[in-house]
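Residues per chain, in single letters:
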Amino acid sequence: MRLIQKNPDLSAYLAADEAIDHHHPLVRKAAERLAAQASDSYSYAQVAYEFVRDAIPHSADSGDLRVTWRASDVLEQGTGICHAKSHALAALLRAEDIPAALCYQRLRRDAGSGHVLHGLVAVRFHGAWHRQDCRGNKPGVDAQFSLDGERLAFVADAESNEVDYPVLFDVPDPAVLRALRDAPDRPYLWEHLPDAL
């Protein structure tokens, strides 16, 4: 699949906004701590990815009812769904001047009824974008950081009306962001997340 930058200005994929708040002291501190473990930008991107994937549980997997949406909130509270965790990873990457985009898949809900948008991050290295899924692993899910072929949590199944959207966003999808901000808890969020772009 050919990935498409929605914003042709690459610097937009380094910018901070209200969700990807990489100038926040918590994000800066986390980025500095992770950078100390890395020898170059590539190894930093992998360390940051593994930190968000493994050290911040997906709230549905852990049973946490809290909803986070800002990168700094995800780091402070240590929880989030795929979209929030993607905001955190994008912020950590951008904090170290690594272009990061938000991207989405349309997947069947776990219960099998209906669809929901799933959030991913794309990182830019060597003149190309590479999608990464930091949702967190569990039995049946083995996402890995990779610049050599995708190792995502889920493969979209076209026969089930699942979709890999090729568009790379510099800011979160407005409907996703609104659902996250307005949700008092995760069960409410589950019922109000968009099911398509």
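Each chain has its residues counted from 1, running along the sequence as written. The predicted origin of the model limits local features to residues at a pLDDT of at least 70 and limits the giving and counting of side-chain atom pairs to 80 or more, whereas totals for whole chains, interfaces and linings rest on all residues. Note that water and hydrogens are dropped before the side-chain values are worked out from all heavy atoms of the structure.

Re the packing of helix α1 (residues 25-35) against helix α2 (residues 41-55)
For the pair α1 and α2, the least separation of the axes is 9 Å and the interaxial angle reads 120°. On the basis of the axis angle, α1 is oblique to α2. For the crossing formed where α1 meets α2, the hand is right-handed. Note on element contacts: α2 touches α1 through Y44, V47, A48 and F51, opposite A31, R33, L34 and A35. The residue makeup of the contact of α1 with α2, split by class, is seven nonpolar, no polar and one charged. Axes, fitted as lines to C-alpha atoms, cover a helix only where it is in contact. Angles between the N-to-C directions of the axes lie from 0 to 180 degrees. Put simply, DSSP marks the helices as runs of H or I at least four residues long and the strands as runs of E at least two long, and each gets a number from the N terminus on. Each angle receives one of four descriptions, namely roughly parallel if under 35 degrees, roughly antiparallel if over 145, roughly perpendicular if within 65 to 115, and oblique otherwise. The handedness criterion is simple: a crossing whose near helix is rotated anticlockwise from the far helix by less than a right angle is left-handed, and one whose near helix is rotated clockwise is right-handed. Two residues form a contact once any of their heavy atoms are found within 4.5 Å. Amino acids outside the nonpolar list (Ala, Val, Leu, Ile, Met, Phe, Trp, Tyr, Cys, Pro) and the charged list (Asp, Glu, Lys, Arg) are all regarded as polar, and Gly is one of them.

Concerning the environment of D133
Locating D133 in the fold gives a position in the loop between β4 (128-132) and β5 (163-164). Setting aside chain neighbours within four positions, we find D133 in contact with Y49, H118, G119, L120, A143, L152, A153 and F154. Whenever two N or O atoms come within 3.5 Å, that pair is a polar contact, provided that in protein one can donate a hydrogen and the other can accept it, and provided that, for residues adjacent in sequence, both atoms are side-chain atoms. Among the polar contacts listed, one links the side chain of D133 to the backbone nitrogen of A153, at a separation of 3.3 Å.

Examining the layout of surface pockets
Both cavities and pockets are sets of points on a 1 Å grid over the protein atoms alone; in a cavity a 1.4 Å probe fits but cannot get out, in a pocket the set is open with protein on both sides within 12 Å along at least five of seven lines, and lining residues sit with an atom within 4 Å of a point. Grid points are joined across faces, edges and corners, and a volume is the space filled by probe spheres set on the points. Empty space within the largest pocket amounts to approximately 480 Å³. Lining the largest pocket are 22 residues, with R108, R109, D110, V116 and F154 sitting closest to its centre. Of all elements in the fold, only α3 (59-62), α5 (82-95), β2 (100-108) and β3 (115-125) reach the threshold of two or more residues within the lining of the largest pocket. Among the elements that line the lining of the largest pocket, the one with the most residues is β3, at three residues. Per-class residue counts for the lining of the largest pocket are eleven nonpolar, four polar and seven charged.

Comments concerning the pattern of salt bridges
Oppositely charged side chains may form a pair once their charged atoms are brought near each other. We define a salt bridge as a side-chain nitrogen of Lys or Arg found within 4 Å of a carboxyl oxygen belonging to Asp or Glu. Overall, the coordinates contain eleven salt bridges when judged by the stated rule. The shortest N-O distance in the salt bridge between R53 and D54 comes to 2.6 Å. Under the scheme applied here, a residue whose accessible area is under 20% of the maximum for its type counts as buried, over 50% as exposed, and between as partly exposed, the area being computed with a 1.4 Å probe on protein chains only. Of the residues examined, R53 reaches a relative accessible area of 10% and is grouped as buried. Each of D61, R135 and K138 takes part in one network of salt bridges that share partners.

Section: the state of the cysteines
Here, disulfide denotes a covalent bond that connects the sulfur atoms of two cysteines. Any cysteine sulfur atom paired with another within 2.5 Å is treated as part of a disulfide. Summed over all chains, the structure comprises zero disulfides. C134 supplies the cysteine sulfur nearest to C82, a cysteine that is in no disulfide, at a spacing of 8.4 Å. Residue C82 is classed as buried on the basis of its relative accessible area, which comes to 6%. Note on C103: no disulfide assigned, nearest cysteine sulfur contributed by C134 at a separation of 10.0 Å.

Remarks on the packing of aromatic side chains
Describing an aromatic ring pair means giving the distance of the ring centres and the angle of the ring planes. Each pair of aromatic rings taken from Phe, Tyr and Trp, with Trp reduced to its six-membered ring, is defined by centres within 6.5 Å and is described as stacked if the planes are under 30 degrees apart, edge-to-face if over 60, and tilted in the remaining cases. The tally for this structure, following the rule as stated, stands at five aromatic pairs. Judged by centre distance (6.2 Å) and plane angle (70°), the rings of Y42 and F125 are edge-to-face. Linking Y42 in helix α2 with F125 in strand β3, this pair joins segments that are 83 residues apart in sequence. Judged by relative accessible area, F125 falls into the buried class, the value being 10%. Taken together, a centroid distance of 5.7 Å and an interplanar angle of 50° make the contact between Y49 and F145 tilted. In this pair, Y49 sits in helix α2 while F145 sits in the loop between β4 and β5, placing the two residues 96 residues apart along the sequence. Owing to a relative accessible area of 0%, Y49 belongs among the buried residues under this scheme. In this structure, R33 packs its charged tip against the face of F51, placed 5.3 Å from the ring centre. Counting as a charge over the ring demands two things of the Lys NZ or Arg CZ atom: a distance within 6 Å of the ring centre and an angle within 35 degrees of the ring normal.

Re the sheet that holds β3
Pairing within the open sheet is antiparallel, and its four strands lie in the order β4-β3-β2-β5. With partners counted over all chains shown, the strands left at the sheet margins are β4 and β5, one partner each. Lying over the sheet, α5 contacts β2 and β3, oriented at roughly 10° with respect to β3. Strand pairing is defined by DSSP finding a minimum of two bridges between the two strands.

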